[in-house]
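Each chain is listed here by its residues.
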Amino acid sequence: MAKPKKASKTAQYQVVDSDAANNLHLVGPAYGLIAVLLVIAGGSITNYFLRNLPDALSVADLEQSPEAVFIGERAWKDLRSFTELGPRTTGSRANDELAVGIFEREIAAIQEGKHPDQEVLMENQVVTGAFNFTFYGTSMTTVYRNVQNVVVKLVGESEDSLLLNCHFDTVCNPDDVPMIKSHVESLSCGLQVPGSPGSSDDVASCTVMLEILRVMSRLPGRNRNSVIFLFNGAEETLLQASHGFITQHPWAKQVKAFLNLESAGSGGKEVLFQSGPNAPWMVDMYARTVRHPFAQVMAEELFKTGLIPSDTDFRIFRDYGNIPGMDLAHFLNGFRYHTRYDSMEYLSVGVLQRTGDNVLALTRGMANSEHLSTSTDEGQGSSTVFFDFLGLFFVNYPARLGQLINAVVAFLAVLIPYRGLSQAVGNQRSNGAIWAEICYGFSAMGGGLLLSLATSAAISHQMLAMDNVMSWYSNSWLILGMYCAPAVVCHCLVQMFVNAYFKNPKSYLTTGMVTQARLIGVSAFWSICSLGLTLVGLRSGYIFMVLQLCTLAGTILNWIFRLQRTIRAWIAIHLLSQLIVVIWTSFYYIVFVNLFVPITGRAGSVINPDFIIGIVAALGVALCCSYLFPLMVLIRKPLRLTACFSAVGLTALVLACFTPVGFPYRDASAGEPTSQRHLVTHTLRVFHDELGLLKHMDQGFLFEVQDRNADRMLRQFIAKQGSGFVPIQQMESCQTELFCALPLDAMWRQVHFDHFWQPTEAVPVMSNMFTLAYEGRENIRQGVQRINFKAEGSIQSAIFLGTKAGVRLIGWSLQDVVAPPVRFNGQEGHFVYISHGVPSGPWNITMDFEVQNEKHEGTIVELGVVSKFWDVPEVHTEEFNQFLATFPPWAHVVPSVAVVNMFEL
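Here is what the cut-offs are and how they apply
- Residues numbered from 1 in each chain as written.
- Predicted model: local features only at pLDDT ≥ 70, side-chain atom pairs only at ≥ 80, totals over all residues.
- Heavy atoms only, no water.
- Helix = DSSP H or I, 4+ residues; strand = E, 2+ residues; numbered from the N terminus.
- Buried < 20%, exposed > 50% of the residue type's maximum accessible area, 1.4 Å probe, protein only.
- Disulfide = S-S within 2.5 Å.
- 1 Å grid on protein atoms, 1.4 Å probe; cavity = no way out; pocket = protein on both sides within 12 Å on 5 of 7 lines; lining within 4 Å.
- Points joined across faces, edges and corners; volume = space filled by probe spheres on them.
- Nonpolar A, V, L, I, M, F, W, Y, C, P; charged D, E, K, R; others polar.
- Core = buried A, V, L, I, M, F, W, Y, C linked by side-chain atoms within 4.5 Å.
- Arc of directions from axis to C-beta.
- Salt bridge = Lys/Arg side-chain N within 4 Å of Asp/Glu carboxyl O.
- Pairing = 2+ DSSP bridges.
- Axes fitted to C-alpha atoms, helices over the stretch in contact; angles between N-to-C directions.
- Contact = heavy atoms within 4.5 Å.
- Polar contact = N/O pair within 3.5 Å; in protein donor to acceptor, adjacent residues only side chain to side chain.
- Parallel < 35°, antiparallel > 145°, perpendicular 65-115°, else oblique.
- Left-handed = near helix turned anticlockwise from the far one by under 90°.

I'd like a rundown of unusual backbone geometry, residues and numbers included.
Going from Asp 201 to Asp 202, the amide bond is cis rather than trans, its omega being 5 degrees. Tracing the chain through its elements places Asp 202 in helix H6 (residues 199-217). Each neighbour pair has its own omega, and for Gly 276 with Pro 277 the value is 10 degrees, a cis peptide bond. With respect to the helices, strands and loops of the structure, Pro 277 is situated in the loop between strand E6 (270-276) and helix H8 (280-289). You will see that Asn 322, though not glycine, has its phi angle at about 55 degrees, which is positive. Inspection of the secondary structure puts Asn 322 in the loop between helix H10 (314-321) and strand E7 (325-330). Residue classification places Asn 322 among the exposed positions, given a relative accessible area of 60%. Residues other than glycine seldom take positive phi values, yet His 338 does so here, at roughly 60 degrees. Take His 338: it is sitting in the loop between E7 and helix H11 (349-367).

Have a look at this one:
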C-alpha cells in the first residue's frame, strides 16, 4: 500500500512543478501590448471626460426650457464687453470707470426686467484699509486706498445671506502677485500693451454671476435666504477688495456662507478645491444639486501644502469673516494664466455654460437651505471626504467614516485574496509559500517605486547639467517617454530580479498562483500607504482605497467562479478590473501634469522643474500600473518588453535634447502658445543723505527670473548687449543699502525668486510718483520717537524700512498692529505694499520707534520709497523700447518703470 501512495505523490509533484506545466501559464512578449493598450485606453477615457464640455444654451433655447436655466450665450456677450476694455488693473480707467460702468448698466437692466416678487439692490463700495498678509512665509503689510466693489443683493425672506464672489481686475505682469498703474487715463493699462485681458481670470466668473443674478431675479417667489453678489475690483492686488467688503460693508455681517469663483488657467472645468472650514452641509448640497461634479478633497489638501503658488479670496472670507465657503477654479491651460493669451480667443462658451449650470444649481440650493442660517455653528470640528468619478457621479462621507472605510478596505484587500488563493491551492503546506510570494510582491512594488524615483531624479539632474530642462513644457507627451517609460523599465527590472533570485522550484504554486500572490503583496503596499495617510489625518487616502477596492472586486469574481487555478481566465477578469483602476488613477496623473507643467513656467529657478515632473511621472506610473507589473512573471522573455520601453525612453530623450521638439516655448503661431515669462524693470535709484540731499543716483534694468531657463537665456541675451549683467547679490548696493535698494513690489517674490541687474545709460523719466515727505519727529513718551510723513500719489507703490541697532518699530498709523519683519539679503525689515483705486489726495502716516539707548545719536531708520508703473509705454525710454523689441516672439515680457528713493532718518 505504501509504494502506490509514494508513486502517486511523485507523479503529482512532477506534474505540478515541472517546467512544462508552468509554461502553460506563460504568454509571449506581445501580450505585454495588451497591458499597454489597456493603459492607453484608460488614460484616453479619462482625458476625454476631463475636457468634455456641454453645449452652450442660447436665448432661443428659452422657448423650450424653463426660465431657470443658465444661458451661456448671454454670459458670453457680457464677457466680450469686458474683454474689449483690455487689461483692467486696479486704479486704471478701464477697471475703475469703464468696467464698473458695464456692471452698473447690466445690473440696471436686470432690475428693470426682474419679477415683481424680487428686490435687487446695488451699491458701489469705495473702500480704504490695511491688513497683514503672509505668503510663502513672507510677511508684509498691504494697504489699499479707494479700491472698488460693485455689490448686489437679491433680497430673500431672511437677511441671512449667501455670498458669491468674483473679481474683474486683471494683471499686467504674469506672476501671482499683481500690480497697479497710475490713475491718469493716459497711463492706464490699455489695449496697446501686452498685459492680460483676464478673460478667464476672472471676469468670466463675473459674467457667470451676472447671468445667475439675471436668471434668479426673474423667478417668482423670493428665496428663503438673500444672495449677495460681490464683483470686486482689487483681487490681484493681494486680495484687498474682498478684505474691504468683509470687514467694512454693512451687508458683510449678514453673510453666513460663500462661493468664490476663480481661475488659475484658461478654460476647462471648474474644480471644487477648497471647502469649509467645518461645513459638511455645503458638500452635501454640492452633491445634491450640481449637474457636472468635479471635486477632489485631494486638491484641497494639495493646495494647503503651498505647492501651488497662488491664493484666493477664500482666505480672506475664512480668516477675516469667520465664515465657511467653497472655492471653485479653472486650472487647465495654465500657460495662459496672467499673460496676454488669457483672452476669449482661447476660451469657449462651453466653459461658461458648464460653470453656470453648476453654480446656478448650487446657489439656488444654498439660498433655500435651512442650514445657511446656522452654517457657522454646524459641523464644528468635522470634515468631509469627497471626490467625483469622471464627473459621472459624486461621493462624499464624513472623514471619520472615511478612516473606517480605509482601514476595512486595507484589511480586506489582503485577507480576501489570500483566503481565496489558499483555498484554490488546497494544501496547508502551501500557506508559507503564499506568504513568501506576498512578501516578494510587496518588496518588488516598493523596490520598483524607489528605483523609478531615483531614476527620475537622475534623469532630471542630467537634463539640468545639459541645459535641457523643461523640454516637455510645450509637448507634455514627452514626459511619457522621458520619465514614464524609464519608470516602467525600473519596475520591470525589479520584477525580473525578484523572479530570478527568489523563485522556489519546489513550490506547490503554479506560475499563475505565484503571480496572484504577488498581486496580494501590491495590495499590502497600498494598504500601508492608505493607512499611513489616514493615521496622519489626511483624507486623501481614499485614492488608494478606491484603487484597492476595484482590484478586490476582480479578485472576488475570480474566487466566486473558482478561476484562480485557470491558465487565462483569471487574467481576463483581473485586466477588466484594472481598466477601472487605470481610469481612476490616470485621472490624477493627467490632472497633476496639467497643473504642474504650467506652474514650472512661473515658479522661479530655485527648484529643478524636471525633478518635479519626474516625481509626478514616477508616482503616476506606480499608481496606474502597480497591479500590472507582477504579470511580468507570466511573460516569456520579459527582457524584450523591457527593451521596448527602454527604446521609447531613449527616443524621447533624443527628441528632447537634440531636436526642435524639445524646445520649451511656442508663440501664438503654434496654435497653443506656451510663453516664457519675463519681468523687466527699468529702474532709477536715488540716494539721499541724512538731510534729504542728493548723494548719488544710478539706473539699470532689473530682471526677475520666472523659470529655470530664464537665467541661461538672459545671460546669452545680455552678453550681446553689453557688460555688467550680474546677480543682484553681486551689486555693490547689496553690501551697503537696505534690501539692495531694489524696486520691491511683492516681497515674497523678491525673497524666493532670482534677480539680475544690468546697468544702463538711459535715465527713466517719471513725472508722477508716489512721495513720502518727511514732516518732522517728536518724542511721544520716554524712549519712543514718532516720525511724521505726508504721503501723496495714487500709483502703485511700496515702502520698506529697517531700523538701526537698538531701535524697534512698535507702531504706525497704517493699522493697529505691525507685521513681523521679513528677511532679505541677510537683513531684517518691514515691507508695506500700497495700491490705489479711485484717485485720492494726500494722507498722513506716522511711525513710532522705540529707542533703547536714550543717548542714541544719528539716524534711527533706513527707508526706501518705491514708485512703479507696469506696462506703460509712455514712460519708456527709447533705449528701453529697443531692448524690449529684441525679445523673441515666444517670450511674454512685462516691462515696468520704477523709481526708488532711499533715505536715512
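Could you give me a rundown of the state of the cysteines, with the residues and numbers involved?
The full count for this structure, using the stated rule, is two disulfides. At a sulfur-sulfur separation of 2.2 Å, the disulfide partner of Cys 166 is Cys 206. One quick way to see it: the torsion about the S-S bond of Cys 166 and Cys 206 is about 110 degrees, and its sign makes the bridge right-handed. Highlighted residues: Cys 166 in strand E3 (residues 158-167) and Cys 206 in helix H6, separated in sequence by 40 residues. The same class applies to Cys 166 as to Cys 206, namely buried. Put simply, Cys 734 and Cys 740 are joined by a disulfide, and their sulfur atoms are 2.0 Å apart. On the sign convention where negative means left-handed, the S-S torsion of about 110 degrees between Cys 734 and Cys 740 marks this disulfide as right-handed. In this model Cys 492 remains outside any disulfide bridge; the closest cysteine sulfur is found in Cys 625, 9.1 Å from its own. You can call Cys 492 buried: its relative accessible area is 2%.

Now, about empty space enclosed by the protein: what can you tell me, with residues and values included?
Within the structure shown, the criterion is met by seven cavities of 30 Å³ or more. Computed from the structure, the largest cavity encloses a volume of approximately 560 Å³. As for the largest cavity, its lining consists of 39 residues, and the residues nearest its centre are Ala 264, Phe 273, Phe 303, Ile 308 and Ser 310. Within the residue set of the lining of the largest cavity, elements represented by two or more residues are strand E1 (120-135), strand E5 (255-263), E6, helix H9 (297-304), E7 and helix H17 (569-599). Among the elements that make up the lining of the largest cavity, the one with the highest residue count is H17 (seven residues). Here the lining of the largest cavity is built from residues that sort into 25 nonpolar, seven polar and seven charged. Here the second largest cavity defines a volume of roughly 200 Å³. In terms of lining, the second largest cavity is formed by 19 residues, of which the most central are Pro 417, Gln 516, Leu 519, Thr 555 and Asn 558.

Which residues make up the nonpolar core, and what values go with them?
Phe 229, Phe 231, Trp 472, Trp 526, Tyr 542 and Ile 799 are the most contacted members of the largest nonpolar core, which totals 200 residues. In terms of residue count, H17 provides more of this core than any other element does, 17 residues in total. Ile 228, Ala 241, Ala 746 and Phe 831 belong to the second largest nonpolar core, which has 50 residues in total.

Go over helix H23 (residues 878-885), please, and point to the residues and values.
Every buried residue belonging to H23 is among Phe 880, Phe 883 and Leu 884, and all of these are buried. Summarising the axial view, the buried residues of H23 lie within an arc of 95 degrees, below the 170-degree limit, and thus occupy one face. Of the exposed residues in H23, those oriented more than 90 degrees away from the buried face are Glu 878 and Ala 885.

An account of the pattern of salt bridges is needed here, citing residue identities and associated values.
In this structure the tally under the stated criterion is 25 salt bridges. With a shortest N-O distance of 2.4 Å, Glu 211 and Arg 214 are connected by a salt bridge. Of this pair, Glu 211 and Arg 214 both sit in helix H6, three residues apart, which is roughly one turn of that helix. Accessibility classification places Glu 211 together with Arg 214 in one group, the buried group. Two residues, Glu 850 and Arg 808, come together in a salt bridge whose shortest N-O distance is 3.0 Å. One end of the pair, Glu 850, is in strand E20 (residues 843-851); the other, Arg 808, is in strand E17 (residues 807-812), and 42 residues separate them in sequence. According to the relative accessible area criterion, Glu 850 is partly exposed, its value standing at 27%. Through salt bridges with shared partners, a single ionic network connects Arg 74, Asp 78, Arg 105, Glu 106, Glu 211 and Arg 214.

Account for the pairing of E7, with residues named and values stated.
Looking along a regular strand, one sees side chains alternate from face to face of the sheet. A large share of E7 lies buried, amounting to six of its six residues. Both faces of E7 are covered, namely the face carrying Gly 325, Asp 327 and Ala 329 and the face carrying Met 326, Leu 328 and His 330. Pairing analysis gives six bridges linking E5 to E7, with the strands arranged parallel. In the strand pairing of E7, Leu 261 is matched with Leu 328.

Talk me through the sheet that holds E20; I want residue IDs and the actual numbers.
Pairing within the open sheet is antiparallel, and its four strands lie in the order E14-E15-E20-E17. If you trace the sheet from one side to the other, it starts and ends with strand E14 (771-781) and E17, each paired once. Strand-to-strand twist across the sheet, computed as the mean angle between neighbouring axes with direction ignored, equals 30 degrees.

Please set out the environment of Glu 123 residue by residue, giving values where relevant.
As for its position among the elements, Glu 123 is in strand E1. Glu 123 sits 293 residues away from Ile 416 along the chain, and the two C-alpha atoms are 63 Å apart. With residues up to four places along the chain from it excluded, the contact list for Glu 123 reads Asn 149, Val 150, Val 151, His 249 and Trp 251. Within the local environment of Glu 123, its side chain forms a polar contact with the side chain of His 249, the two groups lying 2.9 Å apart.

Just give me the short version of the packing of helix H16 (residues 542-560) against H17, but keep the residues and values in it.
At a closest axis distance of 8 Å, the pairing of H16 and H17 adopts a crossing angle of 165 degrees. With respect to each other, H16 and H17 are oriented roughly antiparallel. Note on packing geometry: the crossing formed by H16 with H17 is right-handed. Of H17, the residues touching H16 (which contributes Tyr 542, Ile 543, Val 546, Leu 547, Cys 550, Thr 551, Gly 554, Leu 557 and Asn 558) are Ala 569, Trp 570, Ile 573, His 574, Ser 577, Gln 578, Ile 580, Val 581, Trp 584, Thr 585 and Tyr 588. In terms of residue class, the contact of H16 with H17 is made up of 13 nonpolar, seven polar and no charged.

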